[in-house]
Amino acid sequence: MELTALHIPRALRAFDAGGVEVFDVALQGGRVAAIRPSAQPARGLLLSAPVEAHAHIDKNYTVEETGGAQGDLFSAIRRMEAHRASWSGATLRPRMERALQEAWAFGTRALRTHLDWGGAAPPASLAVLEALREAWRGRIELQFVALTPLDVYADEAAGARIAREVRRAGGVLGAFVYRNADLAARLRRVFALAAQHGLALDFHVDEGLDRDAQGLALIAQMTLEHGMQGRVVCGHACSLSVQPDDEAEATLALCARAGLHLVALPSTNLYLQGAWERTPVPRGITRLREARAAGVGTSLATDNVQDAFYPYGGYDLLDAFGLGVQAAHLAPALDWIDTITANPARALGLAWDGRLHEGCPADLLCLAARSEYELIGPHGRARRVIRAGRLLEMPA
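Notes on the structure in this doc start here.

What counts, and at which threshold
Residues numbered from 1 in each chain as written. Predicted model: local features only at pLDDT ≥ 70, side-chain atom pairs only at ≥ 80, totals over all residues. Heavy atoms only, no water. 1 Å grid on protein atoms, 1.4 Å probe; cavity = no way out; pocket = protein on both sides within 12 Å on 5 of 7 lines; lining within 4 Å. Points joined across faces, edges and corners; volume = space filled by probe spheres on them. Helix = DSSP H or I, 4+ residues; strand = E, 2+ residues; numbered from the N terminus. Nonpolar A, V, L, I, M, F, W, Y, C, P; charged D, E, K, R; others polar. Phe/Tyr/Trp six-rings, centres within 6.5 Å; stacked < 30°, edge-to-face > 60°. Buried < 20%, exposed > 50% of the residue type's maximum accessible area, 1.4 Å probe, protein only. Expected span 1.5 Å × (residues − 1). Contact = heavy atoms within 4.5 Å. Polar contact = N/O pair within 3.5 Å; in protein donor to acceptor, adjacent residues only side chain to side chain. Axes fitted to C-alpha atoms, helices over the stretch in contact; angles between N-to-C directions. Parallel < 35°, antiparallel > 145°, perpendicular 65-115°, else oblique. Left-handed = near helix turned anticlockwise from the far one by under 90°. Pairing = 2+ DSSP bridges.

1. Digging into the layout of surface pockets
If you add up the space inside the largest pocket, you get close to 440 Å³. Ile77, Glu81, Leu147, Pro149 and Phe176 are the residues nearest the centre of the largest pocket, which is lined by 26 residues in total. For the lining of the largest pocket, the leading source of residues is helix H2 (residues 73-84), giving 6 residues. Per-class residue counts for the lining of the largest pocket are 11 nonpolar, 8 polar and 7 charged.

Structure, rendered in structure tokens:
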């Protein structure tokens, strides 16, 4: 297959372009065989296939039963707890598979989902996840995180059982961290379990607009203490956006030293953070620009889809990217395209980092957009999805 007259963003080039901006790309045997300068003006944009760093495919498509929480995080948590009482393999599998089918059709090549894990015993969603991971092997690389309330780890036996099961199932240890009592002691317990069982970590942290929320800084400090640099991901960190500049900058400098990866979730954060009785002034999105300037890895991701936490949306990562660009003023936009491609690929430890070069996998997204100014809009997002060098059909 030959792809002609496509712009490849600088952030995704793992080759010396020599000042060239538009390329012809040849595909052969599921790989990129050649990248050559094009003699034609750009007719589109070429990206590596997107990577979803943070989703909740056990919760999605439940909003008709739960209703939307309208800006109240803890109301959303309560609504999902009540709904979760009815979950079983039979009810979970259809909506979890629906999420994967949609993500696949839009071009996603890997997806990390958080699974609600409320106690010592594994949830029903784990068995479904393991079955789907095998069924989707070769299409979407499916990862999971045990999303456990931090206070559950205060019970040492419960924490040990969770860690053992996550290890057995090839997952990532996680926790919901937000202004907990005995925060440092309980976080230290999670890090000790991760170190003992050889597990990476992925936290929901400081998901609110409280200046005194210090989970992110503590996680960075403990990452350094336990020598886990490069193995810890943090999602949300909304409170960082309302903290004093000098305090936020110090936290981000610590995150950079610790090799933390920061994932912003613009749709859910905009929906849940800020007042609902008036137009909200705080946006609820973490300091992405400052994080990148400090040397912290950054990604944008989908988070919730049609559940109590966010009642709208779907699994097109270009939606998350476009919303993030606008809400966080990420410009030039193409300089940030690595937040849904190369950056999450590295954070998830994928075999291919998503940067394009001769010999890399031909898992690609070919967009109609000829420049960043056409990228966010219905025409620019029209796409051809290419997996292993073969063209897929887009959903209607």
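Next comes the rest of the account.
2. Some points on the packing of aromatic side chains
Under the counting rule described, the total for this entry stands at 9 aromatic pairs. Residues Tyr271 and Tyr310 carry aromatic rings whose centres are separated by 5.9 Å and whose planes lie at 80° to one another, so their mutual orientation is edge-to-face. Remark: Tyr310 occurs in the loop between strand E12 (297-300) and helix H11 (317-327) and Tyr271 occurs in helix H9 (residues 266-272); sequence separation between them is 39 residues. Overall, Tyr271 belongs to the buried group, its relative accessible area being 7%. Overall, Tyr310 belongs to the buried group, its relative accessible area being 16%. Members of the aromatic cluster, connected to one another through ring pairs, are Tyr271, Trp276, Tyr310 and Tyr312.

3. Looking at unusual backbone geometry
Here Ala331 and Pro332 are connected by a cis peptide whose omega angle stands at -10°. If you trace the backbone, Pro332 turns up in the loop between H11 and helix H12 (342-347). The backbone phi angle of Tyr61 is positive, close to 65°, even though this residue is not glycine. Examined against the element boundaries, Tyr61 turns out to sit in the loop between strand E5 (51-55) and helix H1 (63-66). For Asp303, which is not glycine, the phi torsion reads 70° and is therefore positive. With respect to the secondary-structure elements, Asp303 resides in the loop between E12 and H11. Under the relative-accessibility criterion, Asp303 is labelled buried at 1%.

4. Quick look at helix H5 (residues 156-168)
The terminal C-alpha atoms of H5, which comprises 13 residues, lie 18 Å apart, in line with the 18 Å expected from a rise of 1.5 Å per residue. Along H5, the positions that sit buried rather than exposed are Ala158, Gly159, Ala160, Ile162, Ala163 and Val166. Looking at the buried positions of H5, the neighbouring elements they touch are strand E7 (141-147), strand E8 (172-177) and helix H6 (183-197). One side-chain oxygen at the N-terminal end of H5 lies 3.1 Å from the backbone nitrogen of Ala157; it belongs to Asp155. Once H5 finishes, Gly170 follows within two positions and takes phi at roughly 70°, a positive value.

5. Considerations on empty space enclosed by the protein
Counting across every chain of the model gives 1 cavity of 30 Å³ or more. Here the largest cavity defines a volume of roughly 40 Å³. Lining the largest cavity are Asp206, Ala213, Gln214, Leu216, Ala217, Leu240, Gln243 and Thr251.

6. Some remarks on the packing of H6 against helix H7 (residues 215-225)
Relative orientation of the contacting elements H6 and H7 amounts to 45°, with a least axis distance of 10 Å. Between H6 and H7, the crossing angle belongs to the class labelled oblique. The chirality of how H6 crosses H7 is right-handed. In contact with Leu183, Ala184, Leu187, Arg188 and Phe191 of H6, H7 contributes Gly215, Leu218, Ile219, Met222, Thr223 and Glu225. Looking at the contact of H6 with H7 residue by residue, the classes come out as 7 nonpolar, 2 polar and 2 charged.

7. Description of the sheet that holds E12
Read across the sheet, 8 strands follow the order E5-E6-E7-E8-E9-E10-E11-E12 without closing on themselves; strand pairing throughout is parallel. If you trace the sheet from one side to the other, it starts and ends with E5 and E12, each paired once. Across this sheet, the average inter-strand angle for adjacent strands is 25°, counted without regard to direction. The sheet contact formed by E5 and strand E6 (residues 110-116) spans 3 bridges and is parallel. By the bridge assignment, Glu52 is partnered in E6 with Leu111. Contacts between helix H4 (residues 124-135) and the sheet are confined to E6 and E7, with E7 contributing the most and set at about 165° to the helix.

8. Describing the pairing of strand E1 (residues 2-7)
Pairing between E1 and strand E2 (residues 22-28): 4 bridges, direction antiparallel. Within the sheet, the bridge partner assigned to His7 lies in E2 and is Val22. Sheet analysis places E1 next to strand E4 (residues 44-48), joined by 2 bridges and oriented parallel. Along E4, the bridge assignment pairs His7 with Leu45.

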